[in-house]
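Now for the letters of each chain:
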Amino acid sequence: MQHKSIQGIDVPEIGLGTYKLYGKECMKTVTDAISMGYRHIDTAQMYKNEKEIGDAIYGSGIDREEFFITTKIWHTNLDHDDVLQTVEDSLRELRSPYVDLLLIHWPNSQYPLEQTLEAMMVLRDQGKAESIGISNFPLSMTKSVIEDLRIPILCNQVEYHPYLAQFDLLDYSYDNEILIGAYSPLAQGKVFQDEVLARIGSEYGKTAGQVALRWLIEQENVIAIPKATSSEHLRENLDIFDFQLSDEHFESIDTLARNLRLVSPSFAPEWE
Ligand SMILES: NC(=O)c1ccc[n+]([C@@H]2O[C@H](COP(=O)([O-])OP(=O)(O)OC[C@H]3O[C@@H](n4cnc5c(N)ncnc54)[C@H](OP(=O)(O)O)[C@@H]3O)[C@@H](O)[C@H]2O)c1
């Protein structure tokens, strides 16, 4: 597994997405993934699977320090005291004294951002969150965290795949040493129907999905968290470290962007 080193922290370039993995299936998938070499797992309070993930990690017998675990605070838990309380609950479920990365899942203007971040800083100071960050924050809100509130965040996790360009956010994140965590990196499976990606993949003996993941992690400060359930998919998504896209292929994937946003619930911020 390769890592991105950002602010002195090593983050595995491929993490396992776990949205909609529940119960026994979640436990089996995470156990399988760990046995294949996954050491980065993405969960959230809202996914209702922190317990299964905690059990799978604990059950693996591998040292906790070997893993990079992210969880996210749900957008109705952003009151200062709720942050403190619900993260304790998450840690108990995850069977761990800390998470590597604690994110605000979605911005919510009902709660003053400063107070939410203040509570997250308390957790950081207590060693319960190694790093903190945000998710689904458009550029102007990201700037406000960095420039107005001056909170040191590690990551902004956003939807990012070949059909949704994030160029402004990428430039800003690169300049400010912030990691972009690319979620729905396979465009929820849509990349597998893409003829351009498939054709490029055939030149390397790789699938369209592997090309999409490779395109993401070849970008300076980007990591990706594909979700998969079957062993075959899990293995395929990890088997991307033995090839490199040519400049020409990389640029032709850049041209696939068409502002296709797949995740935009009613409470989403105004996208920029
Ligand atoms: N911060 C946020 O608001 C937010 C929002 C959305 C997602 N996320 C995170 O990002 C993760 C990934 O995003 P996502 O689940 O929306 O979509 P995704 O990872 O782009 O795509 C997942 C889909 O692709 C399929 N798949 C995976 N690997 C495959 C392969 N090698 N060949 C063929 N099909 C394959 C999966 O099928 P199988 O499961 O059947 O293998 C699943 O249907 C989530 O699980 C979650 O952890 C975060």
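The preceding data block contains the structure.
A brief look at the structure comes next. All figures in this text were calculated on a predicted structure; none of them were measured in a lab. (Residues numbered from 1 in each chain as written. Predicted model: local features only at pLDDT ≥ 70, side-chain atom pairs only at ≥ 80, totals over all residues.)

1. Some points on the overall build of the protein
Next, step 1: When helices and strands are counted, the protein shows 10 helices and 10 strands.
Next, step 2: Taken against the 2.2 N^0.38 rule, which gives 19 Å for 272 residues, the C-alpha radius of gyration of the protein at 18 Å falls within 12% of a compact globule.
Next, step 3: When the backbone C-alpha atoms are referred to their principal axes, the protein occupies close to 55 × 40 × 35 Å.
Next, step 4: With 272 residues in all, the protein has 44% of them scored as buried. (Helix = DSSP H or I, 4+ residues; strand = E, 2+ residues; numbered from the N terminus. Rg over C-alpha atoms; globule rule 2.2 N^0.38 Å. Buried ≥ 20, exposed ≤ 12 C-beta atoms within 10 Å, placed from the backbone.)

2. A closer look at the site of the ligand
Next, step 1: Taken together, 27 residues surround the ligand, and among them G17, Y19, Y183, L186 and K227 come closest.
Next, step 2: Tallying contributions element by element places helix α9 (residues 231-238) first for the shell around the ligand, with three residues.
Next, step 3: When its residues are assigned to classes, the shell around the ligand shows 10 nonpolar, 14 polar and three charged. (Near = placed C-beta within 6 Å. Nonpolar A, V, L, I, M, F, W, Y, C, P; charged D, E, K, R; others polar.)

3. Focus: the pairing of strand β1 (residues 3-6)
Next, step 1: In this sheet, strand β2 (residues 9-12) lies alongside β1 in antiparallel orientation, the contact comprising four bridges. If you follow K4 over to β2, its bridge partner there is V11.
Next, step 2: Between β1 and β2, which pair antiparallel and follow one another directly, the connecting turn spans two residues, one of which, Q7, has a positive phi of 50°. (Pairing = 2+ DSSP bridges.)

4. Considerations on the sheet that holds strand β3 (residues 16-17)
Next, step 1: Pairing within the open sheet is parallel, and its eight strands lie in the order β3-β4-β5-β6-β7-β8-β9-β10. Each end of this open sheet is capped by a strand with a single partner; those strands are β3 and β10 (222-224).
Next, step 2: Pairing geometry for strand β6 (residues 99-104) and strand β7 (residues 129-135), over five bridges, is parallel. From the neighbouring strand, L101 faces β7, where its bridge partner is S131.
Next, step 3: Sitting on the sheet, helix α4 (residues 113-125) touches β6 and β7, and the angle it makes with β7 is about 155°. (Contact = placed C-beta atoms within 7 Å. Axes fitted to C-alpha atoms, helices over the stretch in contact; angles between N-to-C directions.)

5. Some words on the nonpolar core
Next, step 1: Ranked by internal contacts, the top residues of the largest apolar core, which has 67 residues, are V30, L102, M120, A182, A212, L216 and A224.
Next, step 2: It is helix α8 (residues 208-217) that contributes the most residues to this core, six residues altogether.
Next, step 3: What A182 contacts, discounting residues up to four positions off in sequence, is Y160, H161, L216, V222, I223, A224 and I225. (Core = buried A, V, L, I, M, F, W, Y, C linked by C-beta atoms within 7 Å.)

6. Remarks on α4
An α-helix turns once per 3.6 residues; consequently, residues spaced three or four apart project the same way.
Next, step 1: Compared with an ideal rise of 1.5 Å per residue, which puts 13 residues at 18 Å, α4 spans 18 Å between its outermost C-alpha atoms and is within 8% of the ideal.
Next, step 2: Taken as a whole, α4 has its buried residues at L113, T116, L117, A119, M120 and L123. Looking straight down α4, one finds its buried side chains confined to an arc of 155°; they lie on one side.
Next, step 3: Close packing links the buried residues of α4 with α3 (80-94), β6 and β7. (Expected span 1.5 Å × (residues − 1). Arc of directions from axis to C-beta.)

7. What about the packing of helix α5 (residues 139-148) against helix α6 (residues 167-175)?
Next, step 1: The geometry of α5 relative to α6 is characterised by a closest axis approach of 10 Å and an angle of 15° between their N-to-C directions. As judged from the angle between their axes, α5 and α6 are roughly parallel. The hand of the α5/α6 crossing is left-handed. Residues L139, T142 and K143 of α5 touch α6, and the partners they reach there are D168, L169 and Y172.
Next, step 2: When the residues that make up the contact of α5 with α6 are grouped by side-chain class, the tally is three nonpolar, one polar and two charged. (Parallel < 35°, antiparallel > 145°, perpendicular 65-115°, else oblique. Left-handed = near helix turned anticlockwise from the far one by under 90°.)

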